[in-house]
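# Structural overview for review
Chain residues, written in single-letter form:
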Amino acid sequence: MGKIKLDEIDHQILDMLIDNTRIPFTDIAKKLLISAGTVHVRVKKMEESGIIKGSSLMLDYKKLGYSFIAYVGVYLNNTSQTKFVLERINEIPYVTVAHITTGKFNIFCKIRARSTEHAKEVIFLLDDIEGVYRTETMISLEESINDKKRLMHSIFNDMN
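Computed from a prediction, not measured in an experiment: that's the story for all the values here.

## A short note on the pattern of salt bridges
Summed over the entire model, instances satisfying the criterion amount to eleven salt bridges. Notably, a salt bridge pairs Arg42 with Asp7, separated by 2.7 Å at the nearest N-O pair. Separated by 35 residues along the polypeptide, Arg42 in helix H3 (residues 36-48) and Asp7 in the segment before helix H1 (8-19) bring together distant segments of the chain. Of the charged contacts in the structure, one is a salt bridge between Lys63 and Asp60, with a shortest N-O distance of 4.0 Å. Take Lys63: its relative accessible area is 72%, and that puts it in the exposed class. Shared partners join several salt bridges into a network, and the residues in it are Asp7, Asp10, Arg42 and Lys45.

## Some words on H3
If you check H3, its first and last C-alpha atoms are 18 Å apart, about what 13 residues at 1.5 Å a residue would give, namely 18 Å. All buried positions along H3 are accounted for by Val39, Arg42, Val43 and Met46. All buried residues of H3 fall inside an arc of 100° around its axis, so they share one side. Among the exposed residues of H3, those pointing more than 90 degrees away from its buried face are Val41 and Glu48. Considering only its buried residues, H3 is in contact with H1 and helix H2 (25-32).

## Notes on the UniProt feature "domain: HTH asnC-type" (unreviewed entry) in the chain
Under the local residue numbering, the UniProt record ascribes the feature "domain: HTH asnC-type" (unreviewed entry) to residues 6-67. Between the C-alpha atoms that bound residues 6-67 the distance is 38 Å, and the span itself is 53% helix and 0% strand.

## Concerning the sheet that holds strand S4 (residues 132-139)
The sheet built from four strands is open, its strands ordered S2-S3-S1-S4 with antiparallel pairing. Each end of this open sheet is capped by a strand with a single partner; those strands are strand S2 (95-100) and S4. Recorded for the sheet is a direction-independent mean angle of 20° between the axes of neighbouring strands. By the bridge criterion, seven bridges tie strand S1 (residues 68-76) to S4 in an arrangement that is antiparallel. Bridge assignment links Val74 to a residue of S4, and that residue is Thr135.

## So, the packing of aromatic side chains
As enumerated under the stated definition, the model contains four aromatic pairs in all. Between Tyr66 and Tyr94, the ring centres sit 6.1 Å apart and the planes meet at 10°, which makes this aromatic pair stacked. Remark: Tyr94 occurs in the loop between helix H4 (82-89) and S2 and Tyr66 occurs in the loop between H3 and S1; sequence separation between them is 28 residues. Through a chain of ring-to-ring contacts, the aromatic side chains of Tyr71, Tyr75, Phe105 and Phe108 assemble into a single cluster. The side chain of Arg134 reaches across the aromatic face of Tyr75, ending 4.2 Å from its centre.

## Observations concerning the nonpolar core
Core analysis: the biggest nonpolar cluster contains 19 residues, and Ile89, Val95, Ile111 and Leu126 have the highest contact counts within it. Among the elements that make up this core, the one with the highest residue count is S1 (five residues). Apart from residues lying up to four places away in sequence, Leu126 is in contact with Val72, Ile89, Ile92, Val95, Ile111, Val132 and Thr135. Counting 15 residues, the second largest nonpolar core, distinct from the first, contains Ala29, Val43, Ile52 and Met152.

Here is what the cut-offs are and how they apply
- Residues numbered from 1 in each chain as written.
- Predicted model: local features only at pLDDT ≥ 70, side-chain atom pairs only at ≥ 80, totals over all residues.
- Heavy atoms only, no water.
- Salt bridge = Lys/Arg side-chain N within 4 Å of Asp/Glu carboxyl O.
- Helix = DSSP H or I, 4+ residues; strand = E, 2+ residues; numbered from the N terminus.
- Buried < 20%, exposed > 50% of the residue type's maximum accessible area, 1.4 Å probe, protein only.
- Expected span 1.5 Å × (residues − 1).
- Arc of directions from axis to C-beta.
- Contact = heavy atoms within 4.5 Å.
- UniProt positions renumbered as here; feature names shortened; annotations may be inferred.
- Pairing = 2+ DSSP bridges.
- Axes fitted to C-alpha atoms, helices over the stretch in contact; angles between N-to-C directions.
- Phe/Tyr/Trp six-rings, centres within 6.5 Å; stacked < 30°, edge-to-face > 60°.
- Lys NZ or Arg CZ within 6 Å of the ring centre and 35° of its normal.
- Core = buried A, V, L, I, M, F, W, Y, C linked by side-chain atoms within 4.5 Å.

This is how it looks when you write it as structure tokens:
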């Protein structure tokens, strides 16, 4: 499938939806001086082409008591065990992200926990999975950059 052509109106619609996925199409339309029907058609086109893949809700995990973040590199005995290990990792709800990687680790995970003690328990769960040789953990001191718009704007600039 070829690259989808987006114009400046599409870019502005995406920009507003990234800020607030719940913004009414009528509000977008008013800001862009177009009809709500036009916004609806353009969003639908971007959904059908796969550019927009659903919408998400952002939670403040600190307010829910899960302020501890760590990244865990997972070493496997054999790369052939990757699928099995990922299936086991998926059963641990505190592992929020997992990537198959090249380089030092076979799998790289992000975990959220209530405390260092809770994080230790989660890491031990990872260590206990059959096929895991060992893990290496890095504690996040602060999430300094989490900006979905910068990449989008760079992509839009490259398209022009």
